[in-house]
Amino acid sequence: GAGVSQSPSNKVTEKGKDVELRCDPISGHTALYWYRQRLGQGLEFLIYFQGNSAPDKSGLPSDRFSAERTGESVSTLTIQRTQQEDSAVYLCASSWRTISSYNEQFFGPGTRLTVL
Amino acid sequence: AQSVSQHNHHVILSEAASLELGCNYSYGGTVNLFWYVQYPGQHLQLLLKYFSGDPLVKGIKGFEAEFIKSKFSFNLRKPSVQWSDTAEYFCAGRSNTGKLIFGQGTTLQVKP
């Protein structure tokens, strides 16, 4: 079956430009997460969407980062005025979310962002 | 603050050697712990998870992990590694809000 997909797979941009990264979760998954992995570091949580609830934005590193999700489908992560320290692999994950418990998060292949 | 730490950043083993990767967490409340693996060029995928019950959990590909509450640990083990186990391994804990808190990762290199 279809897994989580992300596009583009690679993005090279110049410092100061804006970028948009896209995530298509597994159909029916109500929860969607964005993480980032900088070289040599672990994964950092960025933002979490759950249904129609207000997103948990506690991991966004600055106001240059924002994300949207349309209903329970596609999400876009936008980085404005990119900086070199934004270079990383951006991972998206989705999961079922039941009332009583959380479930396994399935990860996409990631978008490798390089800011020159 | 909730955190997860992995002790070993880079491990090199020969085939058939036994593996143990350390993971410690620091947060209270309900503990849900995971080990994810990322093979070269592939997605992160779940190896195993602990939610409750038997503290010894078995995952895919012969991996297992033991949740020891008194030590705040969730170490990953495999009795005999193969070259195909070469990958990066991440321990993670789930926060109350559902997001995963990851350790720094351990790169395992298995020499044939």
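For the structure itself, consult the block above.
On a predicted model such as this, the values are computed, not experimentally measured, just so you know. (Residues numbered from 1 in each chain as written. Chains lettered and ligands numbered in written order. Predicted model: local features only at pLDDT ≥ 70, side-chain atom pairs only at ≥ 80, totals over all residues. Heavy atoms only, no water.)

A.B. asks: Just to check I follow, could you spell out the nonpolar core for this structure?
C.D. replies: A general trend in soluble globular proteins is that nonpolar side chains are found buried together. Of all hydrophobic cores here, the largest spans 29 residues; its most connected members are Trp35(B), Leu47(B), Leu48(B), Phe74(B), Leu76(B) and Tyr89(B). If sequence neighbours within four positions are ignored, Leu76(B) has contacts with Leu19(B), Glu20(B), Leu21(B), Trp35(B), Leu47(B), Leu48(B), Phe63(B), Glu64(B), Ala65(B) and Tyr89(B). (Core = buried A, V, L, I, M, F, W, Y, C linked by side-chain atoms within 4.5 Å. Buried < 20%, exposed > 50% of the residue type's maximum accessible area, 1.4 Å probe, protein only. Contact = heavy atoms within 4.5 Å.)

A.B. asks: I keep staring at the layout of surface pockets and nothing clicks. Help me out?
C.D. replies: Empty space within the largest pocket amounts to approximately 570 Å³. Taken together, 28 residues form the lining of the largest pocket, with Gln37(A), Val89(A), Arg112(A), Gln38(B) and Glu88(B) sitting closest to its centre. Within the residue set of the lining of the largest pocket, elements represented by two or more residues are strand E8 (88-95) and strand E10 (111-115) of chain A together with strand E10 (87-94) and strand E12 (106-111) of chain B. The element contributing the most residues to the lining of the largest pocket is E10(A), with four residues. Across the lining of the largest pocket, the residue classes tally to 10 nonpolar, 15 polar and three charged. (1 Å grid on protein atoms, 1.4 Å probe; cavity = no way out; pocket = protein on both sides within 12 Å on 5 of 7 lines; lining within 4 Å. Points joined across faces, edges and corners; volume = space filled by probe spheres on them. Helix = DSSP H or I, 4+ residues; strand = E, 2+ residues; numbered from the N terminus. Nonpolar A, V, L, I, M, F, W, Y, C, P; charged D, E, K, R; others polar.)

A.B. asks: Sorry if this is basic, but what is going on with the interface of chain A and chain B here?
C.D. replies: For an interface, size is often stated in terms of accessible area lost upon the parts coming together. Tallying the contact residues gives 18 residues for chain A and 18 residues for chain B. Across the interface of chain A and chain B, roughly 1500 Å² is buried in total on both sides, 57% from carbon and sulfur atoms. On inspection of chain A and its partner chain B, the count reaches zero salt bridges. Scanning the region where chain A abuts chain B turns up four residue pairs in polar contact (both at pLDDT 80 or more). Taken together, the residues that form the side of chain A that touches chain B break down as 10 nonpolar, six polar and two charged. (Buried area = accessible area lost by both parts, 1.4 Å probe. Salt bridge = Lys/Arg side-chain N within 4 Å of Asp/Glu carboxyl O. Polar contact = N/O pair within 3.5 Å; in protein donor to acceptor, adjacent residues only side chain to side chain.)

A.B. asks: What exactly am I supposed to notice about the state of the cysteines here?
C.D. replies: Working definition of a disulfide: a covalent bond connecting the sulfur atoms of two cysteines. Summed over the entire model, instances satisfying the criterion amount to two disulfides over all chains. For Cys23(A), the disulfide goes to Cys92(A), at an S-S distance of 1.9 Å. The sign of the S-S torsion, about -65°, decides the handedness of the disulfide formed by Cys23(A) and Cys92(A): left-handed. Taken together, the residues span a long stretch of sequence, with Cys23(A) in strand E3 (residues 19-24) and Cys92(A) in strand E8 at a distance of 69 residues. Exposure class is identical for Cys23(A) and Cys92(A). Each is buried. One disulfide in the model links Cys23(B) with Cys91(B); its S-S distance is 1.9 Å. Because the sign of the S-S torsion sets the handedness, a value of about -65° for the bond joining Cys23(B) and Cys91(B) places this disulfide among the left-handed ones. Of this pair, Cys23(B) sits in strand E4 (residues 23-26) while Cys91(B) sits in strand E10; the two residues are 68 residues apart in sequence, bridging distant segments of the chain. Its relative accessible area of 0% is what places Cys23(B) among the buried residues. For Cys91(B), a relative accessible area of 0% puts it in the buried group. (Disulfide = S-S within 2.5 Å.)

A.B. asks: What am I meant to see in the pairing of strand E6 (residues 65-69) of chain A here?
C.D. replies: Residues in a regular strand point their side chains to alternate faces of the sheet. All names here are of chain A. By the alternation rule, side chains of E6 split into Phe65, Ala67 and Arg69, which are all buried, and Ser66 and Glu68, of which none is buried. Alignment of E6 against strand E7 (residues 75-79), held across five bridges, turns out to be antiparallel. By the bridge assignment, Glu68 is partnered in E7 with Thr76. Counted between consecutive antiparallel strands, the loop separating E6 from E7 contains five residues, among which Gly71 sits at a positive phi close to 55°. (Pairing = 2+ DSSP bridges.)

A.B. asks: Could you clarify how one ought to interpret the sheet that holds E7(A) in this entry?
C.D. replies: Paired through their backbone hydrogen bonds, the strands of a sheet run either parallel or antiparallel. Residue and element names in this part refer to chain A. Taking strand neighbours across the sheet as the criterion, the four strands line up as E1-E3-E7-E6 in an open arrangement whose pairing is antiparallel. Of all strands in the sheet, those with a lone pairing partner are strand E1 (5-7) and E6, marking the two edges. Strand-to-strand twist of the sheet, defined as the mean angle between neighbouring strand axes without regard to direction, takes the value 15°. In terms of strand pairing, E3 meets E7 through five bridges, oriented antiparallel. Counterpart to Val19 in the pairing with E7 is Ile79. (Axes fitted to C-alpha atoms, helices over the stretch in contact; angles between N-to-C directions.)

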